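Here's the letter readout for the chains.
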Amino acid sequence: DNRAVSAQITPAEFTQAEDASPYQATDVVRVSILLDGKSTLEAGYSTLGIAENASAMSYRRNLARRQEAMVDAISAEALEGEPLDVVWNLTLAANLISANVPYGKIQAIRELAGIRDVILETCYAPCVVDREEADGPNMATSAYMIGSHHAWAAGYTGAGMRIAVIDTGTDTDHKSFDADAFAYALAEDEKASGEAYDLLDAAEIGAVLPQLNAYKRTLQNGKPTAATPTAEQLYGTAKLPFHYNYVDGDLDVTHDNDDQGEHGSHVAGIATANRYIKTEDGFVSALEAVKVQGVAPDAQLITMKVFGKNGGAYESDYMAAMEDAILLGCNVVNLSLGSSNPGNTYNETYQSFLEQLKETDTVVAVAAGNAGTWADGAWNGHLYSDAVN
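Asker: Which parts of the structure should I look at to understand the nonpolar core?
Answerer: Within soluble globular proteins, side chains that are nonpolar tend to cluster in buried spots. Membership of the largest hydrophobic core comes to 52 residues, with the highest contact counts inside it found for Leu212, Phe242, Tyr246, Met304 and Tyr318. Core analysis: the second largest hydrophobic core is formed by 19 residues, Val71, Ile97, Tyr103 and Ile109 among them.

Asker: Help me understand the pattern of salt bridges, please; the structure alone is not making it clear to me.
Answerer: Taken as a whole, this structure holds 15 salt bridges when the rule is applied. Asp117 is paired through a salt bridge with Arg110; the nearest N and O atoms lie 3.1 Å apart. Using a relative accessible area of 28% as the deciding quantity, one classes Arg110 as partly exposed. Taken together, the shared-partner salt bridges in this structure form one network comprising Glu188, Asp189, Arg275 and Asp298.

Asker: Help me understand the packing of aromatic side chains, please; the structure alone is not making it clear to me.
Answerer: Here a ring pair, both rings aromatic, is described through the centre-centre distance and the interplanar angle of the planes. Summed over the entire model, instances satisfying the criterion amount to nine aromatic pairs. Arranged with centres 5.9 Å apart and planes meeting at 40 degrees, the rings of Trp88 and Tyr246 form a pair that is tilted. Here Trp88, found in strand β2 (residues 85–90), pairs with Tyr246, found in the loop between β7 (242–245) and α10 (263–272); they are 158 residues apart in sequence, far enough to count as distant. Of the two residues examined, Trp88 and Tyr246, each falls in the buried class. Taken together, a centroid distance of 5.0 Å and an interplanar angle of 90 degrees make the contact between Tyr184 and Tyr276 edge-to-face. Separated by 92 residues along the polypeptide, Tyr184 in helix α6 (residues 179–193) and Tyr276 in strand β8 (residues 276–279) bring together distant segments of the chain. Judged by relative accessible area, Tyr276 falls into the buried class, the value being 14%. Put simply, the rings of Trp88, Tyr244 and Tyr246 touch in pairs and so form one group of aromatic residues. Of note, Arg217 hangs over the ring of Trp88, and the distance from its end group to the ring centre comes to 4.6 Å.

Asker: Is there a simple way to explain the confidence of the model for the protein in this structure?
Answerer: Where the model shows low pLDDT, its predicted coordinates should not be examined in detail. Confidence along the protein averages 86 in pLDDT terms, with 83% of residues attaining 70 or more. Confidence over residues 341–345 falls short of pLDDT 50; this stretch has 10 contacts with residues more than four positions distant or in other chains. The low-confidence segment residues 369–389 (pLDDT under 50) makes 63 contacts with residues lying over four places distant or belonging to another chain.

Asker: Which parts of the structure should I look at to understand the side chain of Asp248?
Answerer: If you trace the backbone, Asp248 turns up in the loop between β7 and α10. On the accessibility criterion, Asp248 (15% relative accessible area) is buried. From its side chain, Asp248 meets the backbone nitrogen of Lys309 in a polar contact 2.9 Å long. Here Asn310 takes part through its backbone nitrogen, which lies 2.7 Å from a polar atom of the side chain of Asp248. For Asp248, the contacting residues outside a window of four places in its chain are Gly308, Lys309 and Asn310.

Asker: I would appreciate a short explanation of the environment of Ala151 in the present structure.
Answerer: In this fold, Ala151 is placed in helix α5 (residues 148–153). For the pair Ala151 and Ala296, spaced 145 residues apart in the sequence, the C-alpha separation amounts to 9.3 Å.

Asker: I keep staring at the packing of helix α12 (residues 315–327) against helix α13 (residues 348–357) and nothing clicks. Help me out?
Answerer: The geometry of a pair of packed helices is captured by two quantities: the angle between their axes and the separation between those axes. Look at α12 against α13: their axes get within 11 Å of each other, and the N-to-C directions meet at 20 degrees. Between α12 and α13, the crossing angle belongs to the class labelled roughly parallel. Seen from above, α12 lies across α13 with left-handed handedness. Residues Glu315, Ser316, Met319, Met322 and Ile326 of α12 form the contact with α13, whose own contacting residues are Tyr350, Phe353, Leu354 and Leu357.

Asker: I tried to follow the layout of surface pockets on my own but got confused; where do I start?
Answerer: Think of a ball as big as a water molecule: rolled over the atoms, this probe shows where empty space is left. When its volume is computed, the second largest pocket comes out at roughly 880 Å³. In this structure, the second largest pocket is lined by 22 residues; those nearest its centre are Glu68, Asn89, Lys216, Arg217 and Leu219. Those elements that provide at least two residues to the lining of the second largest pocket are α2 (54–77), β2 and α8 (213–216). Ranked by the residues each element gives to the lining of the second largest pocket, the list is headed by α2, at seven residues.

Definitions and limits used
Residues numbered from 1 in each chain as written. Predicted model: local features only at pLDDT ≥ 70, side-chain atom pairs only at ≥ 80, totals over all residues. Heavy atoms only, no water. Core = buried A, V, L, I, M, F, W, Y, C linked by side-chain atoms within 4.5 Å. Buried < 20%, exposed > 50% of the residue type's maximum accessible area, 1.4 Å probe, protein only. Salt bridge = Lys/Arg side-chain N within 4 Å of Asp/Glu carboxyl O. Phe/Tyr/Trp six-rings, centres within 6.5 Å; stacked < 30°, edge-to-face > 60°. Helix = DSSP H or I, 4+ residues; strand = E, 2+ residues; numbered from the N terminus. Lys NZ or Arg CZ within 6 Å of the ring centre and 35° of its normal. pLDDT = per-residue confidence, 0-100. Contact = heavy atoms within 4.5 Å. Polar contact = N/O pair within 3.5 Å; in protein donor to acceptor, adjacent residues only side chain to side chain. Axes fitted to C-alpha atoms, helices over the stretch in contact; angles between N-to-C directions. Parallel < 35°, antiparallel > 145°, perpendicular 65-115°, else oblique. Left-handed = near helix turned anticlockwise from the far one by under 90°. 1 Å grid on protein atoms, 1.4 Å probe; cavity = no way out; pocket = protein on both sides within 12 Å on 5 of 7 lines; lining within 4 Å. Points joined across faces, edges and corners; volume = space filled by probe spheres on them.

Written out as structure tokens, the structure is:
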């Protein structure tokens, strides 16, 4: 009960003394290696249409080339010739290399020319709460609590919008995300508005494919491998036009093959559950039939899974997915931080990245109720943030 709390723990109190580190020198840890030089967004480029901005993409490629040189330098000068185990090369919202390194090598890496800092990344786990079964869905009544019924009455359904949910994945077979029901609703929207909506499709994914972190992570020596996804593989349906598993490095974004929970589908439903349900006799109102309709029911849902068979999400996994969401033209990026593992500390660096995104053309909604570190200062809770979206 938050009413009983009389004191706050400040970020400084989370800071751990160097001599109190829980790690041995040989323990492999995930770190963000921050490089000198501004990221693409820090350099002043807008997220709006950034994939078609030749100057922005040229700037990003230059950062990537510098990072390649830095990877070689780290291997030669700090790791005694051992290759650096790179996970992500981030250049859009951040200029950093995420890698797995022995804890004892951090200081040697930090001292290299061109490196601004090396920080430990926090790993998050889905927040699972045991509770009694609810009497039934609340989405039929929650609309009146947050005012979404006024938006619907004014004709706003989210049609033409793209919402990315960075979470535990999506139940892609769920009737609330049915492609035919989505197409039926969109046809109604287009009839009422007289305009066709710009939907994310395989062709658009193909146009930005070489720039996506989901694509670049699987390359070896700059060339595709058997694990490298094609645009057609990343595309699902018109309702679910993009899906990728950023923690396992594959295309499985369902809840079927891991124990990370169905929170992602819960969030996706709040945001984008269809307003029609497909039946044998046609299409019926979702609110009437199943008492569930998303706040933006006619928006496309982009699924970015960061909790999977390989465990929870590190901060760079979130950032890699967010960068891809920006390149795919998502209007809204919604992420849950889950619960941080014990021993991790407040990370001002990633907090600054989120603060920077507040100034862009992309709405980033963070559910801060799950963990109070990275998301400090952000709007709290999914119901409100998804409603705003």
